[in-house]
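Spelled out from the first residue to the last, the chains are:
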Amino acid sequence: LPGTQPTALAHCNVDCTSENTDCVVVKKRLVKLVVNFLFYFKTDEEEPLGALLLEQCRVEREDSQVFSIAFLDEAERKYLFECDSEEQCVEWIDSIIKASYEFMRKNLIFYRTEIHRLTGKDPLEQYGILDETRFQVSNGLPLMPKDTSSM
Amino acid sequence: MKLNERSVAHYATCDSPPDKTGYLFKKGERNTAYHRRWFVLKGNMLFYFEERESREPIGVIVLEGCTVELCESAEEFAFAIKFDCAKARVYKMAAENQAAMESWVKALSRASFDYMRLVVKELERQLEEIQEAAGGGCGGAGGLQGKENGVAWTKPAISLANGFGEGASSYVPWEGNADSGNGSVSGGSVDGMRPPPVPPRRRGASLESPVSPGTGCFSKLHDWYGKEVEELRVEWLQSQ
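Residues numbered from 1 in each chain as written. Chains lettered and ligands numbered in written order. Predicted model: local features only at pLDDT ≥ 70, side-chain atom pairs only at ≥ 80, totals over all residues. Heavy atoms only, no water.

Undergrad: How would you sum up the overall build of chain B? Please name residues and give values.
TA: If you tally the helices and strands in chain B, you get 5 helices and 8 strands. Element order for chain B, N to C, with α for helix and β for strand: β-α-β-β-β-β-β-β-β-α-α-α-α. Looking at chain B as a whole, 54% of its 240 residues qualify as buried. For chain B, the exposed area adds up to about 11200 Å²; of that, 51% sits on carbon and sulfur atoms. (Helix = DSSP H or I, 4+ residues; strand = E, 2+ residues; numbered from the N terminus. Buried < 20%, exposed > 50% of the residue type's maximum accessible area, 1.4 Å probe, protein only. Areas by Shrake-Rupley, 256 points an atom, 1.4 Å probe, with all protein chains shown as cover.)

Okay, structure coming up:
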C-alpha cells in the first residue's frame, strides 16, 4: 500500500468551546481528515489530541474563512474552524461533508436505484454483492434495528 | 485522546439502520473470559453494549484497515479482528453458531469506509457511462444537496427525504431481498437531477505505516471509551 499522505493538512484554529459561548478560546491545531474522522494535533506532534467522528453532523459556513461542525445530538454546540483562505474553507467544508459513511451509503443507494431504473439491471449483481445489508434500499419507512444474528 | 463521545454514542443508538446486529462473545482484555455482548455494526464502526437494551455502548471498534480471520481457540466459532499496527489490540470474538460466525466475518471484513467508497465510485462511473450513452443530456441525475451528511435537519428544502423521491421516481423493489430493511432511502433532491458529489480522493488506507498518525490514531480510539472502564470493573468484580 502506498505511504500515507494526509488528504488535507491545514493549520486551523480549533475552538473547543466551553458552555459559555462568550468564552472563545482559539487554539492553533493541525487538522487531518482520515476517513470519517477529523483528527486534530498540536502542531508538530505525532499523536493526536483528539478526534471527531463525522457522522450525524452538520457543516456550515460561518464566515468567509470560518466553518463550523455541529452534531445532531448537541446542535447548539459548534466546533469552529478558521482557515487560511476562503478557498481552503470551501474545500474543507466539501471534504468534511463527504467524509461520512452514511453520506456515501446514501449516494450508493441513489446510484444503484437510478441505474436499475435506467437499465432494468441491478448494478451490484455482477459483483455478487447485491445482498449485502449495507447496500440495501429500504421501503422508505423508518426502521428499528433488527437482530440479524441469524443471517 | 479526546473524542466526541456523546456524538459517537448517539450515532450508535440513533435510528439510522445498522448493518448488522446480534450477540457475540468477546474476549476480555485483562480478564480472559469471553463475555456475551450485544453488537451493532454501523458503517465502519462496531459498537458493543452490555445488553441489547442498554442505552449506551460500552465500547467501539473502528474497523478501518482491519482484517478479520478465523482463529484457533478453545472457543467454538471463534474469529479475530486484527490491525496492522503492532500496538493495536487483537479482538477475539466468538459467535453462537457457524452461520452467525460466517455472516459476521463477512460483514466485518467489508465494513471499511474505503470499501464503500470503492463501490460508490464504481456505480458513479457506471451511471456516467449510461448517461453519456443516453445522449449526454440530463446534466446528471438527482443527488444529495445540502450540507448534512445523513441527517434530516431542520431545513426540509435540502434535507434528505426519507423514502425515494417525492413521487418523482418510483421505488424499485428488489427481487429476492427478503431482508430489505436496511438503509433509509433518500431520494434525489426534489427539483432535481444533479449527480451526487464526487467523494474526495484519498491515497490508500490510512493505517499502513507504524509512524503514520493514522495508525496511532485508530489504536488510540480503540483504547478509548470511558465506559469500557465500567466493563473492566464489572469483570474485576466478577473475578472476585
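Undergrad: Tell me about the overall build of chain A, and please be specific about residues and values.
TA: Looking only at helices and strands, chain A features 2 helices and 7 strands. Taken from N to C terminus, the helices and strands of chain A fall in the order β-β-β-β-β-β-β-α-α. When each of the 151 residues of chain A is scored for burial, the buried share is 54%. Counted over contacts in chain A with a minimum sequence separation of 6, partners at least 24 positions apart contribute 34%. For chain A, the computed accessible surface area is about 6600 Å², with 49% contributed by carbon and sulfur atoms. (Contact = heavy atoms within 4.5 Å.)

Undergrad: Which residues make up the confidence of the model for chain A, and what values do they have?
TA: Residues and elements named next belong to chain A. In the predicted model, chain A carries a mean pLDDT of 76, and 74% of its residues have values of at least 70. Note that residues 1–17 has pLDDT below 50 and, in this model, 65 contacts with residues that lie over four places away or in other chains. Predicted confidence is poor over residues 139–151, with pLDDT under 50, and the contacts of this stretch with residues over four places away or in other chains come to 35 contacts. (pLDDT = per-residue confidence, 0-100.)

Undergrad: For the packing of aromatic side chains, give the residues involved together with the corresponding values.
TA: Taken as a whole and judged by the stated rule, the model has 9 aromatic pairs over all chains. Pairing Phe71(A) with Tyr79(A) gives two aromatic rings, centres 5.8 Å apart and planes at 85 degrees, and the pair type is edge-to-face. We note that Phe71(A), like Tyr79(A), is buried. Ring-pair connections join several aromatic residues into one group, and the members of that group are Phe39(B), Tyr48(B) and Trp104(B). (Phe/Tyr/Trp six-rings, centres within 6.5 Å; stacked < 30°, edge-to-face > 60°.)

Undergrad: Lay out the sheet that holds strand β7 (residues 78–83) of chain B in plain terms, naming residues and giving numbers.
TA: Residues and elements named next belong to chain B. An order of β5-β4-β3-β2-β8-β7-β6 is seen for the 7 strands of this open sheet, with the pairing classed as antiparallel. In this open sheet, the two edge strands, each paired with only one partner strand, are β5 (59–62) and β6 (66–70). Taken pair by pair, the neighbouring strands of this sheet meet at an average axis angle of 35 degrees, ignoring direction. In this sheet, strand β4 (residues 45–49) lies alongside strand β3 (residues 34–42) in antiparallel orientation, the contact comprising 5 bridges. From the neighbouring strand, Lys 42 faces β4, where its bridge partner is Met 45. (Pairing = 2+ DSSP bridges. Axes fitted to C-alpha atoms, helices over the stretch in contact; angles between N-to-C directions.)

Undergrad: Please give an account of the pairing of strand β5 (residues 57–61) of chain A that cites residues and values.
TA: All names here are of chain A. As paired elements, β5 and strand β6 (residues 66–71) share 5 bridges and run antiparallel to each other. Within the sheet, the bridge partner assigned to Arg 61 lies in β6 and is Phe 67. Turn length for the β5-β6 hairpin, with the two strands adjacent in sequence and antiparallel, is 4 residues.

Undergrad: Residue-level account of the pattern of salt bridges, with values.
TA: Residue and element names in this part refer to chain A. Enumeration according to the criterion identifies 18 salt bridges over all chains in this entry. For Lys 78, the salt bridge is made with Glu 62, and the minimal N-O distance between the two is 2.9 Å. Here Lys 78, found in strand β7 (residues 74–82), pairs with Glu 62, found in the loop between β5 and β6; they are 16 residues apart in sequence, far enough to count as distant. The class of Glu 62 is partly exposed, set by a relative accessible area of 35%. The partner of Arg 112 in a salt bridge is Asp 122, and the shortest N-O contact between them spans 2.6 Å. In this pair, Arg 112 is assigned in helix α2 (residues 101–119) and Asp 122 in the segment after α2, connecting sequence segments 10 residues apart. Overall, the relative accessible area of 10% leaves Asp 122 in the buried class. If you follow the salt bridges from partner to partner, you end up with Arg 58, Glu 60, Glu 62 and Lys 78 in one network. (Salt bridge = Lys/Arg side-chain N within 4 Å of Asp/Glu carboxyl O.)

Undergrad: So, unusual backbone geometry: which residues are in play, and what are the values?
TA: Most peptide bonds adopt trans geometry, and most residues besides glycine take a negative phi value. For Val35(A), which is not glycine, the phi torsion reads 40 degrees and is therefore positive. Inspection of the secondary structure puts Val35(A) in the loop between β2 (27–34) and β3 (37–42). Using a relative accessible area of 3% as the deciding quantity, one classes Val35(A) as buried. One non-glycine residue, Phe77(B), lies in positive phi territory at about 60 degrees. Relative to the assigned elements, Phe77(B) resides in the loop between β6 and β7. Using a relative accessible area of 22% as the deciding quantity, one classes Phe77(B) as partly exposed.

Undergrad: I'd like a rundown of helix α3 (residues 113–133) of chain B, residues and numbers included.
TA: An ideal rise of 1.5 Å per residue puts 30 Å on 21 residues; α3(B) measures up with 30 Å between its terminal C-alpha atoms. Those residues of α3(B) that fall on the buried side of the exposure criterion are Phe113(B), Tyr115(B), Met116(B), Arg117(B), Val119(B), Val120(B), Leu123(B), Glu124(B), Gln126(B), Leu127(B) and Gln131(B). Those residues of α3(B) that are buried are in contact with α1 (86–98) and α2 of chain A. Taken from the residues just after α3(B), Gly135(B) is the one with a positive phi, measuring 105 degrees. (Expected span 1.5 Å × (residues − 1).)

Undergrad: Account for the nonpolar core, naming residues and giving values.
TA: Note that soluble globular proteins tend to have their nonpolar side chains buried in a common cluster. Of all hydrophobic cores here, the largest spans 36 residues; its most connected members are Phe37(A), Leu108(A), Phe135(A), Met45(B), Phe47(B), Met116(B) and Val119(B). Broken down by element, this core gets its largest block of residues, 7 residues, from α3(B). In contact with Val119(B), other than residues within four places in its own chain, are Leu108(A), Leu124(A), Ile129(A) and Phe135(A). With 25 residues, the next largest nonpolar core counts Ile58(B), Cys85(B), Ala88(B) and Trp104(B) among its residues. (Core = buried A, V, L, I, M, F, W, Y, C linked by side-chain atoms within 4.5 Å.)

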